[in-house]
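# Observations on chain architecture
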Amino acid sequence: GIEFIDSYVFNKVENIGFNSTVGRYVGYTEHGVKNAEAWNKGPQLGQEQAELERFCKPNAALHYR
């Protein structure tokens, strides 16, 4: 399968990322965990899921034909 990951990095440390396999944001640092909890409840999650449907899935389908 294909996985879409959108990572947010600060000072070369990945703090948080959207992971399409789990369908939500995952925090990797203390600050990232707090943001993930908030972002999973807010409009950010829907925006990531829309980007997955709009851009990633159609392009993956073209690539793997």
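Scoring rules and cut-offs
Residues numbered from 1 in each chain as written. Predicted model: local features only at pLDDT ≥ 70, side-chain atom pairs only at ≥ 80, totals over all residues. Heavy atoms only, no water. Pairing = 2+ DSSP bridges. Helix = DSSP H or I, 4+ residues; strand = E, 2+ residues; numbered from the N terminus. Axes fitted to C-alpha atoms, helices over the stretch in contact; angles between N-to-C directions. Contact = heavy atoms within 4.5 Å. Salt bridge = Lys/Arg side-chain N within 4 Å of Asp/Glu carboxyl O.

- For the protein chain, an unreviewed UniProt entry supplies the name MHC class II antigen beta-1 and the organism Oncorhynchus tshawytscha.

### Here we look at the sheet that holds strand E3 (residues 24-27)
- The strand order across the open sheet formed by three strands is E1-E2-E3, and the pairing between neighbours is antiparallel. With partners counted over all chains shown, the strands left at the sheet margins are strand E1 (5-10) and E3, one partner each. When strand polarity is set aside, the average angle formed by the axes of neighbouring strands in this sheet is 20°.
- In the sheet, E1 pairs with strand E2 (residues 13-19) via six bridges, with the strands oriented antiparallel. Bridge pairing in E2 places Tyr8 opposite Ile16.
- Together, E1, E2 and E3 form the strand contacts of helix H1 (residues 30-39), whose direction differs from that of E3 by roughly 165°.
- Across the sheet, helix H2 (residues 43-63) lies against E1, E2 and E3, angled at about 115° from E3, the strand it touches most.

### Side note on the pattern of salt bridges
- In the structure shown here, the tally under the stated rule is three salt bridges.
- Between Arg54 and Glu51 there is a salt bridge whose closest N-O contact spans 2.8 Å. Here Glu51 and Arg54 lie together in helix H2, a separation of three residues that amounts to about one turn.
- One salt bridge connects Lys57 with Glu53, and the closest N-O pair in it is separated by 2.7 Å. Taken as a pair, Lys57 and Glu53 lie in helix H2 at a separation of four residues, close to a single helical turn.

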